Amino acid sequence: MRNSSNPNRRKFIRTSSAIGAGLVLGRPFELRATPFSFNDKVRLGVVGCGGRGRGVIFSNIPKIPSAHLVAVCDIIPSRRENAVARFKEEYGITVQSYEDFYDMLEKEELDAIVLTTPDFWHMQHAVDAMEAGLHVYCEKAMSNNIEDARKMAEGMKRTGKLLQIGRQRRSNDRYRFTHQVLLEKENMFGRLTHAIGQWNRSRIWTQQPNKQDKFNIKQLERYGFETVAQDYNWRNYKALGGGVVSDLGSHQIDIFNWFLGAYPHTVYATGNNSYFKHEQADTMATILEYDTPKGPAIGIYENISNSRAIGVYERFVGDDGAFIISEGKDNKIYRESRVKAKRWQRYINAGYISNLADMQKYQEEEAGDSGIKETAPQFSYDIKNMVDMDRVYNLQSHTAHLYNFVETVRGEETLNYDAITSYKSEVCIYKIHEAINANGGRIVIDPSEYEV
Ligand SMILES: NC(=O)c1ccc[n+]([C@@H]2O[C@H](COP(=O)([O-])OP(=O)(O)OC[C@H]3O[C@@H](n4cnc5c(N)ncnc54)[C@H](O)[C@@H]3O)[C@@H](O)[C@H]2O)c1
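Asks: Help me out: how do you make sense of the packing of helix α4 (residues 122–131) against helix α5 (residues 146–159) in this one?
Replies: Running from amino to carboxyl end, α4 crosses α5 at an angle of 10 degrees, the nearest separation of the two axes being 9 Å. Regarding the angle of α4 to α5, the classification is roughly parallel. Facing α4, whose interface residues are His122, Met123, Ala126, Val127, Met130 and Glu131, α5 presents Asp148, Lys151, Met152, Gly155, Met156 and Thr159.

As C-alpha cells, then:
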C-alpha cells in the first residue's frame, strides 16, 4: 500500500494571475511523479460539489472499487459540507473538505482530481494539476473558449499526464458497440451521409441559492463571479459557460464526429434567446458539412428549450440502413429495402441485432412496402449480446467513463476520450458559438485548426 509519509507530496505556491479580475491562482513549483503501485487505489479529489459533482461523489466513485475519495472542494460551504456529511453517513468514510483548490492540492496526497466546476474554471485547474504531476478527469466542456481548450490539450501533451474529458457516451457500451462493431468492423450501414440530432427541453437550467449560505461578494469575486446568481447559474452567462450548445450539443456533435470519422469543414448556425432572455441562446440550429473518408456528409442539430417533445437522440442515415441511438429509450436499427434480409441475417446470427417475431410483419414482398424495413431494437440493451468488442463495461455510462479513467491511471486501460480528441470536437462547438453570437452565419474551419 501507499506509504503515508510519501515524500512526493505536491506543493504549491500562490501567485496572482492576470486571468480574471482578482482571481487567486496557484503554480506548482515541485514536479515529481508518484510511482503508482498496481494494488493502490487511485486517490481522488473532487472539485465542485454541485449537480455533477454530487453525481461523481455518490453515484460514480462508490461503484469503482479502485477509486478512493480523499477530498472535496467547493466555494459554497453548504455544498462541500453536505457532501462530506452524506459520504460519512452512507459509506462511513471521512473525506476532507476545502474551499480553495490550491489548498487541497497542497495538503492532500492525491493521484488525480475530478473537475466538476463551471466550464470557465476547467483550464486553470486542469493545467496546474497536470503540471503538479496529477492526472485529471475534467467534465465537459473543456472551457468556454477555444484558446483555453487548446491549452488543456497542449498541457496533456506537454506533461504526459492523463486528461480525460467527461463526455460519457464515449464509454457507453451501446455507443461503443455501434462504433466498434456495427460501423468499423461490419460497415453495416454503408456510407453514412447524414447525422441528425437534437436535445430538447422544456426549461433552461437554473438553480436557487441555498439560504443557509452567507455569501460574501468579495469571496465570490475571487473565484470569478460577480453575483451569487452567477455562481449558481453560470451556464447562462457568456463569460462563464457555453449555454445549450456546449452543455447539450457538444455531447451529441461529438458523436457525429466520432461515427462519421471526420470533423466538419464548415458550420452554419443561428440561435436566439427569445424564450428565456438569458445571455446565452436558448434555441439554436446548426448545419455541419463534412468530408468523411467515405464521402461528403451533412450534420443537422438543434436545441429547443420550451418543449421537450421528441427529446434526445442522434440519428444516422447510410446507404444500406439507418439507426437512432441515445442514452435513453430511443434505439433502433433500420434496413433499407434494397438490402436483402438474407444479407443482414449474418448480423442476427452473430448476435448483434435481434430479428424477433415482429420482424415477420416486414417481409420483403409485403404489400404496401414503404421502402423501409424496421428491425426489432438492437441487442445492445442486453450487454450479454455485445459480442466482438474489446470490452463491455456493464456500468451506467458516467460510472464507466470515470472507471476507464481510474483504470488508466492504474495502467490497466487506455483513455476512451483524451483531451486532444475532445479538443477537435470542441473546435466546431466554439465555431457554432461564434456563428450564433454573430446573429447567424457560415464559418469555414481550416483543417489546421483541429491540430494540437
Ligand atoms: N457529462 C455530463 O453529462 C454533465 C452533466 C452535468 C454537468 N456537467 C458538467 O459538469 C460541470 C459542473 O456542472 P454542474 O451542473 O455540476 O454545475 P453546478 O453549478 O451545479 O456546480 C458547480 C459547482 O462548482 C462550484 N465552484 C465554482 N467555482 C469553483 C472554484 N473555483 N473552486 C471550487 N468550486 C467551484 C460551485 O460553487 C458549484 O457548487 C460543468 O462543466 C458541466 O458542463 C456534465
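Asks: Would you take a moment to explain unusual backbone geometry for this structure?
Replies: Negative phi characterises most residues that are not glycine, and trans characterises most peptide bonds. Of note, the bond from Lys140 into Ala141 is cis; its omega dihedral lies within 30 degrees of zero at -15 degrees. Within the chain, Asp388 stands out as a residue other than glycine whose phi angle is a positive 65 degrees. With respect to the secondary-structure elements, Asp388 resides in the loop between β16 (372–374) and α11 (397–409). The exposure class assigned to Asp388 is exposed, which follows from the 12 C-beta atoms found within 10 Å.

Asks: Any chance you could explain the pairing of strand β6 (residues 112–115) here in plain terms?
Replies: Within a regular beta strand, the side chains point alternately toward one face of the sheet and then the other, so they alternate between its two faces. A two-sided burial pattern is seen for β6, the buried positions comprising Ala112 and Val114 on one face and Ile113 and Leu115 on the other. In terms of strand pairing, strand β3 (residues 42–47) meets β6 through four bridges, oriented parallel. Counterpart to Val47 in the pairing with β6 is Leu115. Note: β6 against strand β7 (residues 135–138), four bridges, orientation parallel.

Asks: Looking at this model, I keep getting lost on helix α9 (residues 243–260). Mind explaining?
Replies: Since one α-helical turn is 3.6 residues long, residues separated by three or four positions face the same way. Taking 1.5 Å of rise per residue, the 18 residues of α9 would be expected to cover 26 Å, and the 25 Å separating its terminal C-alpha atoms lies within 8% of that figure. A bend of about 55 degrees at Gly249 is the largest found in α9. The element α9 is largely enclosed, with a buried count of 18 among its 18 residues. At the exit of α9 stands Gly261, carrying a positive phi of roughly 70 degrees.

Asks: I keep staring at the packing of helix α1 (residues 51–60) against α11 and nothing clicks. Help me out?
Replies: How two helices pack is summed up by the angle between their axes together with the distance between the axes. For the pair α1 and α11, interaxial distance at closest approach is 10 Å and the crossing angle is 85 degrees. Relative to α11, α1 is oriented roughly perpendicular. Residue-level contacts link Gly55, Val56, Ser59 and Asn60 of α1 to His398, Thr399 and Leu402 of α11. Split by residue class, the contact of α1 with α11 holds two nonpolar, five polar and no charged.

Rules behind the numbers
Residues numbered from 1 in each chain as written. Predicted model: local features only at pLDDT ≥ 70, side-chain atom pairs only at ≥ 80, totals over all residues. Axes fitted to C-alpha atoms, helices over the stretch in contact; angles between N-to-C directions. Helix = DSSP H or I, 4+ residues; strand = E, 2+ residues; numbered from the N terminus. Parallel < 35°, antiparallel > 145°, perpendicular 65-115°, else oblique. Contact = placed C-beta atoms within 7 Å. Buried ≥ 20, exposed ≤ 12 C-beta atoms within 10 Å, placed from the backbone. Pairing = 2+ DSSP bridges. Expected span 1.5 Å × (residues − 1). Bend = angle between axes of the 7 residues up to and from the residue. Nonpolar A, V, L, I, M, F, W, Y, C, P; charged D, E, K, R; others polar.

Coordinates in, geometry out; function isn't part of it.
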